[in-house]
Amino acid sequence: MLFVPGSNASWLSTVHVYGADTVMFDLEDSVALREKDTARILVREALMSPIWKDVEVCVRVNAIDTPFFRPDLEAIVPAGVAIVRLPMVRDADMVRELDRVLTEIEEKCGREVGSTKCMAAVESASGVVNAVQIAKASSRMVAIALAAYDYMIDMHTVRGTAADESELFYARCAVLHAARVAGIPCYDVVYSDVNDEEGFLREIGIIKRLGFDGKSLVNPRQIEPLHNAYAPTEAEVDRAKRVIEAADKAEAEGLGVVSLDGKMVDAPIVASAYRTVRLAELSGTRR
Amino acid sequence: MRIVRAAVAGSLESSDALVKVAPNDELEVDIQSTVMGQYGDAITTVVNETLEKLGVTEGFVSVDDKGALDFAIRARVQGAVFRGSDEQPDWSRL
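Each value, and the rule that gives it
Residues numbered from 1 in each chain as written. Chains lettered and ligands numbered in written order. Predicted model: local features only at pLDDT ≥ 70, side-chain atom pairs only at ≥ 80, totals over all residues. Heavy atoms only, no water. Contact = heavy atoms within 4.5 Å. Buried area = accessible area lost by both parts, 1.4 Å probe. Salt bridge = Lys/Arg side-chain N within 4 Å of Asp/Glu carboxyl O. Helix = DSSP H or I, 4+ residues; strand = E, 2+ residues; numbered from the N terminus. Buried < 20%, exposed > 50% of the residue type's maximum accessible area, 1.4 Å probe, protein only. Pairing = 2+ DSSP bridges. Right-handed = clockwise from strand over helix to strand, strands pointing away. Axes fitted to C-alpha atoms, helices over the stretch in contact; angles between N-to-C directions. Core = buried A, V, L, I, M, F, W, Y, C linked by side-chain atoms within 4.5 Å.

A. Just the interface of chain B and chain A, in detail. Contact residues are listed per partner, giving 16 residues for chain B and 19 residues for chain A. Of the roughly 1500 Å² buried between chain B and chain A on both sides combined, carbon and sulfur atoms contribute 58%. Three residues, Phe71(B), Arg83(B) and Trp91(B), lead the burial of chain B against chain A; their summed loss comes to 46% of the area buried on that side. Counting across the chain B and chain A interface gives three salt bridges. Of the charged contacts, one joins Arg83(B) and Asp37(A) as a salt bridge, the two residues approaching to 2.7 Å between their closest N and O atoms. For the side of chain B that touches chain A, the element with the most residues is helix H2 (residues 70-83) of chain B, which contributes nine residues.

B. Fine view of the pairing of strand S4 (residues 83-86) of chain A. Residue and element names in this part refer to chain A. The side-chain alternation of S4 yields two buried faces, one formed by Ile-83 and Arg-85 and the other by Val-84 and Leu-86. Pairing of strand S3 (residues 56-60) with S4 involves three bridges; the strand directions are parallel. Note that in S4 the partner of Arg-60 across the bridge is Arg-85. Regarding topology, helix H3 (residues 69-76) serves as the crossover connection from S3 to the parallel S4, and that connection is right-handed. Bridge analysis of S4 against strand S5 (residues 117-122) gives four bridges, and the strand direction is parallel. When the bridges of S5 are listed, Ile-83 appears paired with Lys-117. Handedness of the crossover is the feature at issue here: the chain leaves S4, passes through helix H4 (residues 92-109), returns alongside S5, and the resulting connection is right-handed.

C. Summary view of the sheet that holds S3(A). Residues and elements named next belong to chain A. With parallel pairing, the eight strands of this open sheet are ordered in space as S1-S2-S3-S4-S5-S6-S7-S8. The open sheet has two edge strands with one neighbour each: strand S1 (2-5) and strand S8 (214-215). Alignment of strand S7 (residues 186-188) against S8, held across two bridges, turns out to be parallel. Bridge assignment links Asp-188 to a residue of S8, and that residue is Lys-215. Across the face of the sheet, H4 comes into contact with S4, S5 and strand S6 (141-146) while running at roughly 145° to S4. Against the sheet, helix H8 (residues 169-182) makes contact with S5, S6 and S7, and its axis sits at roughly 175° relative to S6, the strand it touches most.

D. Region of interest: the nonpolar core. Core analysis: the largest hydrophobic core is formed by 98 residues, its most contacted members being Phe25(A), Leu47(A), Val59(A), Leu73(A), Ile76(A) and Ile144(A). In terms of residue count, the dominant contributor to this core is H2(B) (eight residues). Of all hydrophobic cores here, the second largest spans twelve residues; its members include Val243(A), Ala246(A), Ala250(A) and Leu260(A).

As structure tokens, then:
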């Protein structure tokens, strides 16, 4: 999920070519206060531009307790935004309020009620503690994300140099568990030093092991390394295809138990095999 | 929509446009572009259509285009006009 400053016409005109799974037009932190009004208009027009019609676009609006929140939504919802990312979500009431405002605007502009989806960004201790309720607060919720900068301040710590990134361990696990309870994807924090590929890859290793579905990105250069790290190996894809074949064969023969190479294959392994093959279709195999 | 004060939106960066508006008794539009030769007619059409949708019938409008796509030109014209007006955007008209 690649962040693009909503005030930057050049980026909004070119970034679709880099192959991010989702592009996020930002109206919040990357936009100066004096440009909030024109960034909102630029993002609205970009959403309606044919260059973005085949790309999943999300818009990060300004926080719910700012004067920009409502005008942001009034501009982008009629323009057809697919997903709204709400920053600084501390509790489920904030998601419910977003849901209520979206419903009001959808009804007013004639858009199908519920068609605007949401993701919540958790950036505080309260948000982490309330993550399960946040993730389940609305049927519009399609993802939850952790954001580190404000969370670090809230926790009186800093992003350190520890290789295991232990300062984020609890938050990552809590938000990830909330996502799994709600049945939605979970996205990790940005890695802002775009020149530190070694550190970026180390962080991807950590979040992939934990189970994150992806990561927020700040530069197109980070897309390929992230895709590659998440792509399965050829051996993993071959094994997954054999598992699926064995499962299909067992089903056709009416067998309750699937076995492969003399070992029993149970349902979660079959589900994981389908996920591996799907991932390979989307990202290819690992270099 | 009535332009009541001078206002600016956009930038002179590549793929963007700088649009200035100011009060004037009649509608005057001046367009400069780095791609005027190839896309001048299209840019003029986008600017005029945007002003028409906004209901701007008088004022001075200057567009300095640096190769912006249609959506960016539309956005910068709207941005400058809204900043130069006392009216709130009516998204249903745009």
